[in-house]
Amino acid sequence: MPRHDLSFETMAVHGGREDLAALGVHALPIDLSSTYPLNDLARGGEALELMAMGGQDKTNPVYSRLYNPTVGRFEEALAQLEGADESVAFASGMAAMTACLLAAKQRGSHVVAVRPLYGGSDHLIASGMLGLDVTWAQPDNIHEALRSDTALVIAETPANPTLALLDIKSVVAQARGVPVLVDSTFATPVLQNPLKLGATLVLHSATKFIGGHGDVLAGVVATNVEWATELRKVRVITGSVLHPLAAYLLHRGLPTLSLRIRAAQEGAKVLAQKLKDHPGVKAVHYPGLEGGDPCGLIGTQMRGPGSLIAFEVENFDFASTLMGSVKLMTPAVSLGSVDTLIQHPAALTHRVVDAEAKVHSGIGAGLLRLSVGLENPEDLWADLEQALVKAMAKAGAHA
Ligand SMILES: *Cc1c(COP(=O)(O)O)cnc(C)c1O
């Protein structure tokens, strides 16, 4: 039973561990079984049928694509943190997004989406590969994009990579009863809970903050019983399951999630201000800066601005020199790790997004995205500053 009565930090430590004492263990057990002994053929067959339709039979897992207790414990814990009935874990964030779209397609063949989204999600939706039509809407004209066969409204906040914030309550109101999926990867359940604002599904690339150490690929969707059942059905059919070792690592990290998010956020606040004051930086997009949260969502929808910063420099060459000159930070895609990563969205994570949409969303040649880790912010700034000096010198030499 989900325990929504406890505080976040307590749920993060104890969630999904309710059965451990009865098992006689203290740490999370890792069950690597691919198959399970069947004590009774008739019961086993019934369990298989139930789970093939998206139901759950924890006492009779039958086969690990249908149910795995290590994955199940992580799902229970994550559902508690989002205030959801249930959550369903997948092999990656993209597998989770694919499952949501396939489940939605049972209800209608049209989706409405608000850009910018993560480049991979944009690519999946724009490709039409799953047989869904898409209408790209502006945050304030979602209702105009709805059709009678609209099955899902998809939004991401804070948005990857621009850190633009969407008002989830407004999106839900405009969707007029159509289920809303919020990709909350950048916020994690520490900083916002979209379901409490009326969203039906909240998706996380758990590869990022929830994993938190850059060593797991995973996705998870927290939702109501009805959608969770549909999502498990898709997962059983398509086989996009999360490996139990990955689930163990995710679950092991939950007790420190809040500490990691808040510490990284303090570092990001320092760096965002220093970047803003630097002559080599044209603009900084960070919801924690003055003017970075025009709708006033920090403190209402979100409990803090998080630890991602987008900033603009002169052009691609400047950005490329800067990225190539950092010594402490890692020039790499992905985010939400204990260490700091810097990347160029237009060339990398959002490369495959439609060119016009990229311009319209503000994903330009001079945009860089910084995922601030747990290093001391003064050390990070020293690294960033020397890289900015190098990029400025090179740009000056060519001017
Ligand atoms: C990375 C990311 C995804 C995709 O997740 P994977 O685990 O890489 O498949 C989806 N949404 C957002 C916002 C992301 O940053």
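This structure is a prediction, so every number in the text was calculated from the model and none was measured.

Enquirer: Which residues make up the environment of Ala357, and what values go with them?
Expert: One can find Ala357 in helix H13 (residues 355-361). Placed 290 residues apart in sequence, Ala357 and Tyr67 show a C-alpha to C-alpha distance of 40 Å.

Enquirer: A description of the site of the ligand should follow, citing residues and the corresponding values.
Expert: With respect to spatial proximity, 13 residues lie near the ligand, and among them Gly93, Met94, Asp183, Thr207 and Lys208 are the closest. Backbone polar atom of Met94 to an oxygen atom of the ligand: 2.8 Å apart, as the coordinates give it. Residue Lys208 places a side-chain N or O atom 2.8 Å away from an oxygen atom belonging to the ligand. Considered on its own, the ligand offers 380 Å² of accessible surface; in the complex 93% of this is hidden by protein. Considered class by class, the residues forming the shell around the ligand number four nonpolar, six polar and three charged.

Enquirer: Which residues make up the sheet that holds strand S11 (residues 341-343), and what are the values?
Expert: What the five strands build is an open sheet, ordered S8-S9-S12-S11-S10; its pairing is mixed. Both outer strands of the open sheet, strand S8 (283-285) and strand S10 (330-331), are each paired with one neighbouring strand and no more. Bridge analysis of S10 against S11 gives two bridges, and the strand direction is parallel. Paired with Pro331 across the bridge in S11 is Ile342. Strands S8, strand S9 (308-312) and strand S12 (367-371) of the sheet are contacted by helix H11 (residues 244-276), whose axis makes an angle of about 10 degrees with S9.

Enquirer: I'd like a rundown of helix H4 (residues 69-82), residues and numbers included.
Expert: Here H4 spans 20 Å end to end across 14 residues, near enough to the 20 Å set by a 1.5 Å rise per residue. Burial analysis of H4 places 14 of its 14 residues in the buried class, the great majority of the element. For H4, the side-chain oxygen to backbone nitrogen distance between the N-cap and Thr70 is 2.8 Å, and the N-cap itself is Asn68. Two residues or fewer after H4 comes Gly83, characterised by a positive phi angle close to 65 degrees.

Each value, and the rule that gives it
Residue numbers run consecutively from 1 along every chain, following the written order of its sequence. Side-chain atom pairs in this predicted model are given and counted only at pLDDT of 80 or more, local residue features only at pLDDT of at least 70, and totals for whole chains, interfaces and linings cover all residues. Remark: hydrogens and water are excluded; side-chain values derive from all non-hydrogen atoms of the structure. Strands are runs of DSSP state E lasting at least two residues, helices are runs of H or I lasting at least four, and both sets are numbered from the N terminus onward. Any residue with at least one heavy atom within 4 Å of a molecule or strand is counted as near it. Two N or O atoms form a polar contact when they lie within 3.5 Å of each other; inside protein one atom must be a possible hydrogen donor and the other a possible acceptor, and for residues adjacent in sequence the pair counts only when both atoms belong to side chains. Shrake-Rupley sampling with a 1.4 Å probe provides the accessible areas, and residues are treated as covered by the protein chains on show and by no other component. Throughout, the ten residues Ala, Val, Leu, Ile, Met, Phe, Trp, Tyr, Cys and Pro are labelled nonpolar, Asp, Glu, Lys and Arg are labelled charged, and all others, Gly among them, are labelled polar. Only strands joined by at least two bridges in the DSSP assignment are considered to pair. The contact criterion used throughout is that any non-hydrogen atoms of two residues lie within 4.5 Å. To obtain each axis, a line is fitted to C-alpha atoms, and for helices this fit is confined to the stretch in contact; angles are then taken between N-to-C directions over 0 to 180 degrees. Take the number of residues in a helix, subtract one, and multiply by 1.5 Å to get its expected span. Under the scheme applied here, a residue whose accessible area is under 20% of the maximum for its type counts as buried, over 50% as exposed, and between as partly exposed, the area being computed with a 1.4 Å probe on protein chains only.

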